[in-house]
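Tertiary structure, described
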Amino acid sequence: GCDGGRRRVCWFAVLVGSLAAVAALGVPAGSRAVVIGAWLVAALMMRSLAAASAVLRGWTAGALRSGGIVLVAAVAAVALAYVLTGFVPDLPTVVANDEVTSRTAPNLLDLAIAVAAGAAGAFAVSRSDVSAALPGVAVAIALVPSLAVTGVTLYAGSYEQEADATMLVMTN
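All of the points below concern the structure found in this document. These figures come from a predicted structure and were not determined experimentally. (Residues numbered from 1 in each chain as written. Predicted model: local features only at pLDDT ≥ 70, side-chain atom pairs only at ≥ 80, totals over all residues. Heavy atoms only, no water.)

1. Description of the overall build of the protein chain
Rules: The secondary structure listing takes helices from DSSP runs of H or I that are at least 4 residues long and strands from runs of E that are at least 2 residues long, numbered from the N terminus. Classification of residues uses two cut-offs on accessible area relative to the type maximum, computed with a 1.4 Å probe and protein chains only: under 20% is buried, over 50% is exposed, and between them is partly exposed. Note on definitions: a residue-residue contact is assigned when non-hydrogen atoms from the two residues lie within 4.5 Å. To measure how exposed things are, a 1.4 Å probe is used in the Shrake-Rupley method; for residues, cover is taken only from the protein chains shown.
Within the protein chain one finds 10 helices and 0 strands. Walking the protein chain from its N terminus toward its C terminus, one meets helices and strands in the order α-α-α-α-α-α-α-α-α-α. The buried share of the protein chain, reckoned over its 172 residues, is 38%. In the protein chain, the share of contacts with a sequence separation of at least 24, taken over all contacts with a separation of at least 6, comes to 71%. Carbon and sulfur atoms make up 69% of the accessible area of the protein chain, which totals about 9,200 Å².

Given below as structure tokens:
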């Protein structure tokens, strides 16, 4: 169950799973509004920022713990998207839609956005008076939709697109 110390882990797993399902179904539907909904919650953002902060401070245990949580959640999100894609009709059209193609062509601008968003996120997390900036940072470093695209393209056997979507996740 989700009692005691496991409660936070369970809630995090439910949140990431739900968001991954929303993104995995919104991407094939080409629904920008649904995908934006998965952006705004940004369940992985705080853990990613915690991992980065721990690395910068030399806190090996904290970096490994937070990084491990992000890695497990990311793999679970890709796996869920992969499974849900099996229920999607007309897969070739899905792989060519804007929600997929916009996440499978990363470039230097995407890297610059990721670096700037990371800096803004770290600053916002460290200061309570600017925490209102977090939703904007969440949109900029949206991981869950890109993880969903990774699962969709993997299922479709479009390995070049899958590699590109994975690269976008890694830069963010």
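2. Regarding the packing of helix H1 (residues 7-29) against helix H4 (residues 60-85)
Under the convention used in this document: Every axis corresponds to a line fitted to the C-alpha atoms, with the helix fit spanning only the stretch in contact, and the corresponding angles, defined between N-to-C directions, vary from 0 to 180 degrees. Throughout, the term roughly parallel applies to angles under 35 degrees, roughly antiparallel to angles over 145, roughly perpendicular to angles from 65 to 115, and oblique to all others. In this scheme the crossing of two helices becomes right-handed for a clockwise turn of the near helix relative to the far one and left-handed for an anticlockwise turn of less than a right angle.
At a closest axis distance of 9 Å, the pairing of H1 and H4 adopts a crossing angle of 40 degrees. Judged by the angle between their axes, H1 and H4 are oblique. The interaxial crossing formed by H1 with H4 has right-handed handedness. Contacts between H1 and H4 involve Phe12, Val16, Gly17, Ala20, Ala21, Ala24 and Leu25 from the first element and Ile69, Ala73, Ala77, Leu80, Ala81 and Leu84 from the second.

3. Quick look at helix H9 (residues 144-156)
As a reminder, the rule being used: The span one expects for a helix is its residue count, reduced by one, times 1.5 Å.
Here H9 contains 13 residues, and its C-alpha end-to-end distance of 18 Å stays within 8% of the 18 Å for a straight helix at 1.5 Å per residue. Within H9, 10 of the 13 residues are buried, which leaves the element mostly enclosed by the surrounding structure. Downstream of H9 by a residue or two, Gly157 has a phi angle that is positive, lying close to 75 degrees.

4. Observations concerning the packing of H1 against H9
Selection rule: Side-chain classes are defined by residue name, with Ala, Val, Leu, Ile, Met, Phe, Trp, Tyr, Cys and Pro counting as nonpolar, Asp, Glu, Lys and Arg as charged, and the others, Gly among them, as polar.
Two numbers describe how H1 lies on H9: the axes approach to 8 Å, and their chain directions differ by 65 degrees. Regarding H1 and H9, the two cross each other, and that crossing is right-handed. Of H9, the residues touching H1 (which contributes Leu19, Ala20, Ala23, Ala24, Val27 and Pro28) are Val144, Pro145, Ala148, Val149 and Val152. For the contact of H1 with H9, the residue count by class is 11 nonpolar, no polar and no charged.

5. Observations concerning the packing of aromatic side chains
The following threshold applies: Here the aromatic set is Phe, Tyr and Trp, taking the six-membered ring for Trp, and pairing holds for ring centres within 6.5 Å; pairs whose planes are under 30 degrees apart are stacked, those over 60 apart are edge-to-face, and all others are tilted.
Per the counting criterion, the structure on display carries 1 aromatic pair. On the basis of an interplanar angle of 70 degrees and a centroid distance of 5.1 Å, the ring pair of Tyr82 and Tyr155 is categorised as edge-to-face. Of this pair, Tyr82 sits in helix H4 while Tyr155 sits in helix H9, placing them 73 residues apart in sequence. Here Tyr82 falls in the partly exposed class, since its relative accessible area comes to 37%. On the basis of relative accessible area, Tyr155 is assigned to the partly exposed category, the value being 34%.

6. Points about the environment of Leu71
Tracing the chain through its elements places Leu71 in helix H4. Relative accessible area serves as the criterion here: at 55%, Leu71 is assigned to the exposed category.

7. Some words on the side chain of Thr104
Looking at the secondary structure, you find Thr104 in the loop between helix H6 (98-101) and helix H7 (108-126). Setting aside its immediate chain neighbours within four residues, Thr104 contacts Val149, Thr153, Gln161, Asp164 and Ala165.

8. Some thoughts on the nonpolar core
Selection rule: Nonpolar cores are built from buried Ala, Val, Leu, Ile, Met, Phe, Trp, Tyr and Cys residues. Side-chain atoms within 4.5 Å join them into one set.
Ranked by internal contacts, the top residues of the largest apolar core, which has 22 residues, are Leu44, Leu147 and Ala148. Elements that contribute at least two residues to this core include exactly H1, H4, H9 and helix H10 (159-171). Among the elements that make up this core, the one with the highest residue count is H1 (7 residues). If we ignore the near neighbours within four places in the chain, the residues touching Leu147 are Leu44, Ala74, Ala77, Val78, Ala81 and Val169.

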